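# Descriptive structure summary
What follows is the residue order along each chain.
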Amino acid sequence: TVGVQTPAHSVKRRLRGGQNKFSEASVLDIAYEFLPLGCTAFGGPAAHIALFEKVFVQKLGWLPHSVFVELFALGQCLPGPASTQVAIAIGTLKQGVLGGLVAGLCFILPGMLMLTMLGMCVHTVGARADNPVFKGFCAGVSAAGVSLVARAAINLSRVTSTSTTTQTLNGLSALIAYLYSRPTTFPLLILAGGVISIFCESNPNVGVNEDKNKIQKHPARDEDEGIASYGMSKTGGACLLCACPLILAATFWIESQAHVFGSSGIIMWFARFFRVGSIILGGGQVVLPLLMTECIKYTNRDKCAEGDSQQIQCKLVPDYEALKSLDLSHPEVRSWLREDEFLTGLGLAQGMPGPLFNLSAYLGAVIASRTRAYALIGACTTWIGLFLPAFMLIFGALPWWGEIRQFQMYKRAMPGMNACAAGLVVAAVFALYDRVRANSPFPDDSVAIGMGSFIAVEVQQLPAPFAIFMAGCVGALRTYA
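Residues numbered from 1 in each chain as written. Predicted model: local features only at pLDDT ≥ 70, side-chain atom pairs only at ≥ 80, totals over all residues. Heavy atoms only, no water.

## A few points about the pattern of salt bridges
- This model, assessed by the stated rule, comprises seven salt bridges.
- The residue Glu 255 makes a salt bridge to Arg 275 at a minimum N-O spacing of 3.4 Å. With Glu 255 in helix H10 (residues 234–256) and Arg 275 in helix H12 (residues 266–279), this pair connects stretches of sequence that are 20 residues apart.
- Linking Glu 294 and Arg 275 is a salt bridge whose minimum nitrogen-to-oxygen distance equals 3.3 Å. (Salt bridge = Lys/Arg side-chain N within 4 Å of Asp/Glu carboxyl O. Helix = DSSP H or I, 4+ residues; strand = E, 2+ residues; numbered from the N terminus.)

Set out below in structure tokens:
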């Protein structure tokens, strides 16, 4: 039957013997750990993964490194924000669907509420987003985020790459991901690593082990890996996996019926944001161009200029500029908001905790403020539309992942898949380092802030959220120097 495994029954059944070396977690434990992360997890998805690894693998011991990296690889292969899906998966493995919902919502709600409030007062926000102190704070936070990514890359690579083959796959995965950072590159690298591992690993039955001096020759049981539940039944998971593309198809039909639903409204907002959330591979940065083209319509009308070669060159501009209607009141304007409003929200979202997908709440609040709908309703509509595919897909995939990971072929593939997944984190360190330098008002000092943050967390063992906040304060103070 379609249903959900009862978390309490599952935990009691699996952990009755008390021999599990990994910690149990109640729903309250999950909320207690994820809510602070939702308020302090700055720095983007790679930094979020680094925080999760530090908190849930190293500090709390909820899961082994091997399972954590598998969840990271699964998130990379599904559309949606990978860090949010990993958070949902961690909660689900400990307390079923309820645990997954609590983990996911506690992680993303704080940032969503902040950006919703900022979207309601967009003009004030726009002024603050251009403030040099605000930019300095964001630069400091970004630098600290990269240092946490570097720490996670070292830890994950050390644990997952224990043979010549996996070490080579780890390095090649990082190299290719850095040079060819495309949405489809990441899942393809993980799958390629699995195929190579099947044929090239000399001891394919050896899995990732916390103690590298011990060889894990026998397949681990779920209870031996801290797994209490996979959430839904396989039938329920299949229903969710089938429902997602059906709703996606319905969004295209809704778009074609604009004369019925209107060009702007709750139904159209949900349809467009759900469509974007269903097809995005690669995380928050990849979603930005799609969101911009869904919210802002471009045209070349009245913007043709004659170039030096006497050829006509037409530059695409927002339709409200071509129609000279900055307040978007012209009946032919199909844009929902202005470019400057979108970019202001982008700057604010990057300075907020949680996933960049929370930008949808800001956009919804701004869009709704121009209609008769309440800003909070608009924010909730667009936010649910963008995140709903991620929740549906991870809940649908987990019970099947739990089945597939018991297959011998999957076990043979996992060393290579894990090594390549860790290589993606290595590539993220260098890619984020480039972005920090390019976007910072003080590039060299940002690198120094990142180094100091790494020392604070790795050597001095300071809490990562505290180190991130202090780095932001240092960045803000640097603007006065």
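## A short note on the side chain of Thr 251
- Tracing the sequence through the fold places Thr 251 in helix H10.
- A residue is classified by how much of its surface remains accessible, and Thr 251, at 2% relative accessible area, is buried.
- A polar side-chain atom of Thr 251 sits 2.5 Å from the main-chain carbonyl oxygen of Leu 248.
- Setting aside chain neighbours within four positions, we find Thr 251 in contact with Ala 271, Phe 274 and Arg 275. (Buried < 20%, exposed > 50% of the residue type's maximum accessible area, 1.4 Å probe, protein only. Polar contact = N/O pair within 3.5 Å; in protein donor to acceptor, adjacent residues only side chain to side chain. Contact = heavy atoms within 4.5 Å.)

## Brief notes about the packing of helix H2 (residues 27–40) against helix H3 (residues 45–59)
- Interaxial distance between H2 and H3 falls to 12 Å at its minimum, and their mutual angle equals 155 degrees. Compared by their axis directions, H2 and H3 come out roughly antiparallel. Crossing of H2 over H3 shows right-handed handedness. Residues Glu 33, Phe 34 and Leu 37 of H2 form the contact with H3, whose own contacting residues are Leu 51, Phe 52, Val 55 and Phe 56. (Axes fitted to C-alpha atoms, helices over the stretch in contact; angles between N-to-C directions. Parallel < 35°, antiparallel > 145°, perpendicular 65-115°, else oblique. Left-handed = near helix turned anticlockwise from the far one by under 90°.)

## Observations concerning a nonpolar patch on the surface
- A cluster of nonpolar side chains, contributed by Leu 172, Leu 175, Ile 176, Tyr 178, Leu 179, Tyr 180 and Phe 430, occupies part of the molecular surface with about 700 Å² of accessible area.
- Broken down by element, the nonpolar patch gets its largest block of residues, five residues, from helix H8 (residues 164–179).
- Overall, the relative accessible area of 47% leaves Leu 175 in the partly exposed class. (Patch = residues over 30% accessible without salt bridge, like charges linked within 9 Å, V, L, I, M, F, W, Y side chains within 5 Å. Areas by Shrake-Rupley, 256 points an atom, 1.4 Å probe, with all protein chains shown as cover.)

## Structural notes on the nonpolar core
- Ranked by size, the top nonpolar core spans 126 residues in total, and within it Phe 34, Phe 52 and Ile 90 carry the most contacts.
- Ignoring any residue separated from it by four or fewer positions in sequence, one finds Phe 52 in contact with Phe 34, Leu 37, Val 57, Phe 68, Ser 83, Val 86, Ala 87, Ile 90 and Phe 107.
- Core analysis: the second largest hydrophobic core is formed by five residues, Cys 244, Leu 248, Phe 274 and Leu 393 among them. (Core = buried A, V, L, I, M, F, W, Y, C linked by side-chain atoms within 4.5 Å.)

## Here's the deal with unusual backbone geometry
- Unusually for a residue other than glycine, Gln 461 sits at a positive phi of about 60 degrees.
- Position of Gln 461 relative to the elements: it lies in the loop between helix H19 (443–458) and helix H20 (464–478).

## Thoughts on the environment of Leu 376
- For Leu 376, the position within the fold is in helix H17 (residues 375–404).
- The spacing of Leu 376 and Leu 113 is 263 residues in sequence and 9.5 Å in space, taken between C-alpha atoms.
- The contact partners of Leu 376, leaving out residues within four places of it in the chain, are Thr 116 and Met 120.

Shape is all these values report; function is a separate question.
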